[in-house]
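Residues per chain, in single letters:
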Amino acid sequence: EVHMVESGGGLVKPGGSLRLSCEASGFTFSSFMMNWVRQAPGKGLEWVSSISSSSEYIYYADSVKGRFTVSRDNAKNSLYLQMSTLRAEDTAIYYCAREVYSGTYRDFDYWGQGTLVTVSS
Amino acid sequence: DIQMTQSPSSLSASIGDRVTITCRASQTINTYLNWYQQKPGKAPKLLIYGALSLQSGVPSRFSGSGSGTDFTLTISSLQLEDFATYYCHQSFSIPDTFGQGTKLEIK
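The present account deals with the structure reproduced in this document. (Residues numbered from 1 in each chain as written. Chains lettered and ligands numbered in written order. Predicted model: local features only at pLDDT ≥ 70, side-chain atom pairs only at ≥ 80, totals over all residues. Heavy atoms only, no water.)

## Some words on the packing of aromatic side chains
Condition: Each pair of aromatic rings taken from Phe, Tyr and Trp, with Trp reduced to its six-membered ring, is defined by centres within 6.5 Å and is described as stacked if the planes are under 30 degrees apart, edge-to-face if over 60, and tilted in the remaining cases. Strands here are runs of E lasting at least two residues and helices are runs of H or I lasting at least four, both read from the DSSP assignment and numbered beginning at the N terminus. The classification of residues rests on relative accessible area computed with a 1.4 Å probe and restricted to protein chains. Under 20% of the type maximum is buried, over 50% is exposed, and intermediate values are partly exposed. Cation placement over rings: the criterion is NZ of Lys or CZ of Arg within 6 Å of the ring centroid and within 35° of the ring normal.
One pass over the structure, following the stated rule, counts nine aromatic pairs over all chains. An angle of 75 degrees between the planes, with centres 5.5 Å apart, marks the rings of A:Trp111 and B:Tyr36 as edge-to-face. Placement of A:Trp111 in strand 10 (residues 106–111) and of B:Tyr36 in strand 4 (residues 33–38) is noted, with the two residues assigned to different chains. Each member of the pair A:Trp111 and B:Tyr36 is classed as buried. Taken together, a centroid distance of 6.2 Å and an interplanar angle of 55 degrees make the contact between B:Tyr36 and B:Phe98 tilted. In this pair, B:Tyr36 sits in strand 4 while B:Phe98 sits in strand 10 (residues 97–98), placing the two residues 62 residues apart along the sequence. Cluster of aromatic residues (ring-pair linked, three or more members): A:Tyr95, A:Phe108, A:Trp111, B:Tyr36 and B:Phe98. Above the face of the A:Tyr80 ring, A:Arg19 is positioned so that its terminal group lies 3.9 Å from the ring centre. Here A:Arg98 stacks its cationic end above the ring of A:Phe27, 4.8 Å away from the centre of that ring.

## A word on the interface of chain A and chain B
Applicable threshold: Any two residues whose heavy atoms approach within 4.5 Å are treated as being in contact. Throughout, buried area stands for the accessible area (probe radius 1.4 Å) lost by two parts on being put together, summed over both. Any Lys or Arg side-chain nitrogen found within 4 Å of a carboxyl oxygen on Asp or Glu counts as a salt bridge. Throughout this description, a polar contact denotes any pair of N or O atoms lying within 3.5 Å of each other; where both atoms belong to protein, one of them has to be capable of donating a hydrogen while the other can accept it, and for residues adjacent in sequence the pair is counted only when both atoms sit in side chains. Put simply, Ala, Val, Leu, Ile, Met, Phe, Trp, Tyr, Cys and Pro go in the nonpolar bin, Asp, Glu, Lys and Arg in the charged bin, and everything else, Gly too, in the polar bin.
Contacts between the two partners involve 22 residues from chain A, matched on the other side by 20 residues from chain B. Counting each side, the surface lost to burial between chain A and chain B is near 1700 Å², with a carbon and sulfur contribution of 60%. The largest per-residue losses of area from chain A upon contact with chain B belong to A:Leu45, A:Trp47 and A:Arg106, which jointly make up 36% of the total buried on that side. Remark: the boundary between chain A and chain B carries one salt bridge. The residue B:Asp96 makes a salt bridge to A:Arg106 at a minimum N-O spacing of 2.7 Å. At the surface where chain A touches chain B, the tally comes to nine residue pairs in polar contact (both at pLDDT 80 or more). If you list the elements that add at least two residues to the side of chain A that touches chain B, you get strand 4 (34–39), strand 5 (45–51), strand 9 (92–101) and strand 10 of chain A. Counting residues per element, the side of chain A that touches chain B draws most heavily on strand 10 of chain A, which supplies five residues. Taken together, the residues that form the side of chain A that touches chain B break down as nine nonpolar, eight polar and five charged.

As structure tokens, then:
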């Protein structure tokens, strides 16, 4: 069974840093592109970042570019999001999501349960 | 960035009703359109991918249609467990973008 568990969220002051982790199980992690998607309290979904299976392709939303760094360790079946220079508007639940791709579709078929990041003084 | 506009933002319906939610992209996205269901306190769940393919395990009362810029999600006969928020998602080009969501409530 596919399972992903995020951790590392918490309360951090503006300007601070935090590292999120997503530990995956039940599938061949090294074969899949992975994504981070966030959801501010009471708001909709916002794509944050994606990383290809071997880390050769990495993408970021403009809102986090230069502040967030995505990485993965396929030996540990883990995805990471290093967040720095955090702002109040980064407050959100952060989900990791597995990506599936074919020639005619691309979707996020499994999601973790999310970890809450609160940026506040 | 491709903008995704969902309508309506909220919808009240009764059990057994047929419900349609629409999503419009600001430019063509072929069939790179997915639908997710989210219940309070839970992660989104994939319902429809590639505009019209039903994800494994999702009840057949859910269906998707459309291509290009206009898409619909239809629930043929609402069940109690369908009351949730629904999001469309374009995966045609990065950055991926989502619709603002449609909250489906019990009438």
